[in-house]
Amino acid sequence: MTRYNYLLKRLIPLVYCLWLMMLTGCYHRGPQTPDAWDMTKQQLDSISFYTTHHYTQNYNFVVTADSLVIAEQRPECMAVPDVVSAEMEVAGAEWKKDSITLRKRDHIVVADIKTLPTDTIDSVWVKVARDQTTFGWVREGELLGSVSPDDPISQFIDFFSDTHLLIFLAFCVVVMVAYGLRILMRKGVKIVHFDDIPSFYPTLLCLLVASSAVLYSSIQMFEVESWRHFYYHPSLNPFALPLHLGIFISSVWAIIIVAIATIDDVLRHMPFGGGVLYLCGLMGVCSVCYVVFSVTTLYYIGYPLLLAYYVFAIYRLTLQRSL
């Protein structure tokens, strides 16, 4: 009975966190459209554009580049074909004269979209507005390269999707964690996988982070359009997303829940000072798992590496429990 009460007491925080996750999940409702028989050509074009580009009129962006230049003139006056004439040079001079520069962190909204087949550079032009008096046109390619959706989840994705940043972080984190773990091991401090505490939560947390990193990179490689749509319309509710995205978001929630359970379990098994050191080492191992598996999956090395990591982690956990 004592063992049953102990297990019940350990499961209560996990059940509570799962219940809280289900209550706080954000339901993402797609755009409401009228019946196809009642739609105008403009509405049909808007839906078609939304399907392929994942945004449409009234969509909100935030400028992430140092500056974004927009033109007050209509795009018909600025679409430049292959042969540049004197009139086009004049139009280009007028464009520079009537341009407006938006600055970093400016919030803008899509006011209109035009398609110009005669433009050989970019056929899609987007009219954006910062306020009622500041608006202008810009090519879609230039716009999307300088903005991010005005949503904290999308901006978070932007930050962690930079491959160069990941490679740099991977190098820094691996070096720092290897050095830190060496010092901790010399001092006899408990470390996950090597001199672990009698708890499966830390190992489970590391495996969840590694698996989520592999899944994250896999979706970016093999489900580009669905990931792009999620990027423009993020949701934290796994039940309102396609299966692969729902599994990924569920894994993120699982990481949060298991992290809470891990902190609670570590502080039960260790004094506060030792527990903090153990959690710092665990956070370093999780960081290494994220950056290493995120980068290696992009080159298909992450899949066999993840399998090997599972075997190693389960073997070490079993070995620690048998001692």
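Residues numbered from 1 in each chain as written. Predicted model: local features only at pLDDT ≥ 70, side-chain atom pairs only at ≥ 80, totals over all residues. Heavy atoms only, no water.

Caption draft 1: Broad picture of the nonpolar core. By size, the foremost hydrophobic cluster in this structure holds 57 residues, and its most contacted members are Tyr55, Leu68 and Ile108. When residues in this core are grouped by element, the largest group, eleven residues, is from helix α7 (residues 201-222). (Core = buried A, V, L, I, M, F, W, Y, C linked by side-chain atoms within 4.5 Å. Buried < 20%, exposed > 50% of the residue type's maximum accessible area, 1.4 Å probe, protein only. Helix = DSSP H or I, 4+ residues; strand = E, 2+ residues; numbered from the N terminus.)

Caption draft 2: Representation of helix α11 (residues 302-322) within the structure. Here α11 contains 21 residues, and its C-alpha end-to-end distance of 30 Å stays within 8% of the 30 Å for a straight helix at 1.5 Å per residue. Listing the buried residues of α11 in full gives Gly302, Leu306, Tyr309, Ala313, Arg316, Leu317 and Gln320. The buried residues of α11 occupy an angular sector of 100° when projected down its axis, which confines them to one face. Those residues of α11 that are exposed and aimed more than 90 degrees away from the buried face are Pro304, Leu307, Val311, Tyr315 and Ser322. Packing partners of the buried residues in α11 comprise α7 and α10 (272-297). (Expected span 1.5 Å × (residues − 1). Arc of directions from axis to C-beta. Contact = heavy atoms within 4.5 Å.)

Caption draft 3: Structural view of the state of the cysteines. Under the criterion given, the structure shown has zero disulfides. Summary of cysteine pairing: Cys286 is not part of a disulfide, and the nearest cysteine sulfur, belonging to Cys206, is at 4.0 Å. (Disulfide = S-S within 2.5 Å.)

Caption draft 4: Summary view of the layout of surface pockets. Computed from the structure, the largest pocket encloses a volume of approximately 980 Å³. Around the largest pocket, the lining is made up of 31 residues, and of these Phe156, Val209, Val252, Ile255 and Tyr290 lie nearest the centre. Going through the elements one at a time, α5 (152-160), α6 (163-186), α7, α8 (224-232), α9 (243-269) and α10 are the ones with two or more residues in the lining of the largest pocket. Counting residues per element, the lining of the largest pocket draws most heavily on α9, at nine residues. Looking at the lining of the largest pocket, its residues break down into 28 nonpolar, three polar and no charged. (1 Å grid on protein atoms, 1.4 Å probe; cavity = no way out; pocket = protein on both sides within 12 Å on 5 of 7 lines; lining within 4 Å. Points joined across faces, edges and corners; volume = space filled by probe spheres on them. Nonpolar A, V, L, I, M, F, W, Y, C, P; charged D, E, K, R; others polar.)

Caption draft 5: The arrangement of the packing of aromatic side chains in detail. Enumeration according to the criterion identifies 16 aromatic pairs in this entry. For the pair Tyr59 and Tyr232, a centre-to-centre distance of 5.8 Å together with 70° between the ring planes defines the contact as edge-to-face. Here the residue Tyr59 occupies a position in the loop between α2 (41-53) and β1 (60-63), and Tyr232 occupies one in helix α8, the gap between them amounting to 173 residues. With relative accessibility at 13%, the residue Tyr59 sits in the buried group. In this structure Tyr232 comes out as buried when scored by relative accessible area, which is 7%. Ring geometry for Phe61 and Tyr232: centres 6.3 Å apart, planes at 85°, overall edge-to-face. Here Tyr232 lies in helix α8 and Phe61 lies in strand β1, a separation of 171 residues in the sequence. (Phe/Tyr/Trp six-rings, centres within 6.5 Å; stacked < 30°, edge-to-face > 60°.)

Caption draft 6: How the structure looks around the side chain of Asp196. By secondary structure assignment, the location of Asp196 is in the loop between α6 and α7. Lys190 provides the closest opposite charge to the buried, unpaired Asp196, separated from it by 7.8 Å. Separated by 2.4 Å, the side chains of Asp196 and Tyr278 make a polar contact. Not counting chain neighbours up to four residues away, the residues in contact with Asp196 comprise Lys190, Ile191, Thr203, Tyr278 and Gln320. (Lys, Arg positive; Asp, Glu negative; His and termini not counted. Salt bridge = Lys/Arg side-chain N within 4 Å of Asp/Glu carboxyl O. Polar contact = N/O pair within 3.5 Å; in protein donor to acceptor, adjacent residues only side chain to side chain.)

Caption draft 7: How the structure looks around the confidence of the model for the protein chain. Chain-level statistics for the protein chain give a pLDDT mean of 80 and a share of 71% at 70 or above. Model confidence for the protein chain, summarised as mean pLDDT per element, is weakest for helix α3 (residues 86-97) at 49 and strongest for β1 at 96. Contacts for the low-pLDDT stretch residues 33-37, under 50 throughout, to residues beyond four places or in other chains number three contacts. Under a pLDDT of 50 for its full length, residues 81-91 has, in the predicted model, eight contacts with residues more than four places off or in other chains. (pLDDT = per-residue confidence, 0-100.)

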